[in-house]
Amino acid sequence: MFNEEFAARPADSTTPDVVLSIVDLHVKFRLRGQVLHAIRGISLDIVKHETLAIVGESGAGKSVLMKNLCGLLDPNGWVDSGGIMYEGMNLAAFKSEKDWSRIRGKHVAMVMQDPMTSLNPLKTIGWQIEEALKYNQQLRGSAARKRMLELLADVGIPDTDKRSRQYPHEFSGGMRQRVVIAIALACNPKILICDEPTTALDVTIQAQILKLIHDLKEKYGLTLIYITHDLGVVANVADRIAVMYAGDIVELGTCEEVFFDPRHPYTWALLSSLPQLGTKKQDLYAIQGTPPNLFQPIRGDAFAPRNPWALAIDFQHRPPYAAVSLTHRARTWLLDTRAPTVEPPSAVRSIRTLFDRGAFAGDSARR
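Only a predicted model underlies this, so the values are computations on that prediction, with no experimental measurement involved. Chains are numbered independently. Their residues run from 1 in the order of the written sequence. With pLDDT at 70 or above as the cut-off, local features in this predicted model cover only qualifying residues; side-chain atom pairs require 80 or more to be listed or tallied, and sums for whole chains, interfaces and linings still use all residues. Based on all heavy atoms of the structure, the side-chain values leave hydrogens and waters out of the count.

### A few points about helix α8 (residues 203–220)
It helps to recall that an α-helix has 3.6 residues per turn; residues three or four apart then point in one direction. Secondary structure elements follow DSSP: runs of H or I of four or more residues count as helices, runs of E of two or more count as strands, with numbering from the N terminus. Multiplying 1.5 Å by the residue count of a helix minus one yields the expected span of that helix. In a regular helix each residue adds 1.5 Å, so 18 residues correspond to 26 Å; α8 covers 26 Å between its end C-alpha atoms and thus fits that length. Between buried and exposed lies partly exposed: a residue is buried under 20% and exposed over 50% of the maximum accessible area for its type, with that area taken using a 1.4 Å probe on protein chains only. All buried positions along α8 are accounted for by Gln206, Ile209, Leu210, Leu212, Ile213, His214, Leu216 and Lys217. Here, residues are in contact when the closest pair of their heavy atoms is within 4.5 Å. Where α8 is buried, its residues contact β3 (51–55), α5 (141–154), α7 (173–186), β7 (191–195) and β8 (223–228). One or two steps after α8, the chain reaches Gly221, where phi turns positive at roughly 65 degrees.

Have a look at this one:
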């Protein structure tokens, strides 16, 4: 069910397997005369050839964090401090489009949320893939067309010659998503970021796209990063999961650790919200309250006002990371030796049984 390859590997490591390191990153935006602190001191190592899932509610900072890896931050945003180390370069120090053109696509590529807005409605599918090949791999003419048809076949589009001459509006949502993935692969990246790649698709197509991405990762030797608000989507495809809340990673561990031994109350809340944990004729669980206002400084634990297990100290001091294992850590005062013992909600404790019964089989891309 879960990939055990990373079970003995530290969650953050200085070994050569680390392909990119985010170090104490702070990102801010200027909006309506105010400054929004979107990313609040995140440190994270991304391991070569792993599948990392970054999960959290809308507004948690998932997409903002990943946009910093390929220079796609909005013009009103900036890296206030910290670093992003990749192959001896600090990407956080890049300022010009010329700097980013050496990295974007060729090393780090991103599949955006909505494939329709990612494609030019006035250009054929084949033209758009060939454009990426010309820009990133200097392929032209018959060589570019041959490679373009190979990429269409790789992403599961039949009758490639005919389909390459068609326009985006002639493709279904799932097929457009495959085309966007083909364009990203045309850049021959080392790291592929998939931002909510299945949000607009029905469940059956979701499973097909997840399996396709997994197969392409194996074929091309990619390091894969998923951005999603739905833990169920990545239940069987992720090696590690980073749980984000209010611009911070509050829990990080292997997929098995985050699902079967979660330690942060926010992770408990996300898991409790999974439809698979719902009870017939009862409302699905919803997290009460709203995320904090990032225009204002946050005192203590950002999740404290929504946390039914919050301690007095949660409203005063930001909790440090506590190591649960070599691969698992969480930022919560509940892991302090002085904290009272608190059991996860019963729904969370039932997840292993539900997995064994196949409740998450529809999300699997590995079976």
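### Some details on the pairing of strand β1 (residues 18–31)
In the sheet, β1 pairs with strand β2 (residues 34–47) via 11 bridges, with the strands oriented antiparallel. If you follow Lys28 over to β2, its bridge partner there is His37. Pairing between strands requires that DSSP locate at least two bridges from one strand to the other. Taking the residues between adjacent antiparallel strands as the criterion, β1 and β2 are bridged by two residues, where Arg32 takes a positive phi near 50 degrees. Taken together, the seven bridges between β1 and strand β4 (residues 77–86) define a ladder with antiparallel strand orientation. Looking at the pairing, Val23 lines up with Gly83 of β4.

### Describing the nonpolar core
Residues grouped as a nonpolar core are buried Ala, Val, Leu, Ile, Met, Phe, Trp, Tyr and Cys residues, joined through side-chain atoms within 4.5 Å. In this structure, Leu20, Leu69, Ile129, Ile241 and Phe259 are the most contacted members of the largest nonpolar core, which totals 104 residues. The element best represented in this core is α7, accounting for nine residues.

### Regarding the pairing of β8
Most of β8 sits out of view: six of its six residues are buried. Burial along β8 is two-sided: Thr223, Ile225 and Ile227 and Leu224, Tyr226 and Thr228, pointing in opposite directions, are all buried. Pairing of β3 with β8 involves five bridges; the strand directions are parallel. Bridged to Leu52 within β8 is Ile225. Here five bridges tie β7 to β8, and the two strands are oriented parallel to one another. Residue pairing for β8: Leu192 is matched across the bridge by Leu224.

### Comments concerning the sheet that holds β4
Within the open sheet, the four strands sit side by side as β2-β1-β4-β5. Their pairing is antiparallel. If you trace the sheet from one side to the other, it starts and ends with β2 and β5 (89–90), each paired once.

### Some remarks on the packing of aromatic side chains
Aromatic ring pairs are described here by two measures, namely the spacing of the ring centres and the angle between the planes. Centres within 6.5 Å make a pair out of two Phe, Tyr or Trp rings, where for Trp the six-membered ring is used; the pair is then stacked when the planes are under 30 degrees apart, edge-to-face when over 60, and tilted otherwise. Tallying each qualifying case throughout the model produces five aromatic pairs. Aromatic side chains Phe94 and Trp100 sit 5.1 Å apart centroid to centroid with 75 degrees between the ring planes, which places their arrangement in the edge-to-face category. Considering the side-chain rings of Tyr245 and Phe303, the 5.2 Å spacing of their centres and the 85 degrees angle between planes classify their relative orientation as edge-to-face. Separated by 58 residues along the polypeptide, Tyr245 in strand β9 (residues 240–245) and Phe303 in the loop between α10 (265–272) and β11 (321–325) bring together distant segments of the chain. Here Phe303 falls in the buried class, since its relative accessible area comes to 2%. Here the aromatic residues Tyr245, Tyr266 and Phe303 are joined through ring pairs into a cluster of three or more. Definition used: whenever NZ (Lys) or CZ (Arg) falls within 6 Å of the ring centre and also within 35 degrees of the ring normal, the charge is taken to sit over that ring. Over the face of the ring belonging to Trp127 we find Lys123, whose NZ or CZ atom lies 4.6 Å from the ring centre. Sitting over the ring of Phe171, Arg163 keeps its end group 4.2 Å from the ring centre.

### A short note on the sheet that holds strand β12 (residues 328–331)
The mixed open sheet is built from eight strands, whose spatial order is β6-β7-β8-β3-β9-β10-β12-β11. Only two strands of the sheet have a single neighbouring strand rather than two, namely β6 (108–111) and β11. On average, each strand axis in the sheet is inclined to that of its neighbour by 20 degrees, with strand direction left out of account. For helices, the fitted line uses only the C-alpha atoms of the stretch in contact; every axis is such a line through C-alpha atoms, and the angle between N-to-C directions lies from 0 to 180 degrees. On the sheet, α7 packs against β6 and β7 and is oriented at approximately 170 degrees with respect to β6. This element, α8, spans β3, β7 and β8 of the sheet and lies at about 155 degrees to β8.

### Some thoughts on the packing of helix α4 (residues 125–137) against α5
Relative to each other, α4 and α5 sit at 115 degrees, their axes nearing to 9 Å. Classed by the angle they form, the pair α4 and α5 counts as roughly perpendicular. Like other packed secondary-structure pairs, α4 and α5 cross with a definite hand, here right-handed. For the pair α4 and α5, the contacting residues are Ile125, Gly126, Ile129, Glu130 and Leu133 in the first and Gly141, Ala144, Arg145, Arg147, Met148, Leu151 and Leu152 in the second. Here is the rule for angles: anything less than 35 degrees is roughly parallel, anything more than 145 is roughly antiparallel, 65 through 115 is roughly perpendicular, and the remaining ranges are oblique. For a crossing to be left-handed, the near helix must be turned anticlockwise from the far one by less than a right angle; the clockwise case is right-handed.

### Remarks on the environment of Pro121
Turning to its location among the elements, Pro121 is positioned in the loop between α3 (115–118) and α4. Separated by 78 residues in the primary sequence, Pro121 and Ser43 place their C-alpha atoms 39 Å from one another. Setting aside residues no more than four positions away along its own chain, Pro121 makes contact with Tyr167 and Pro168.

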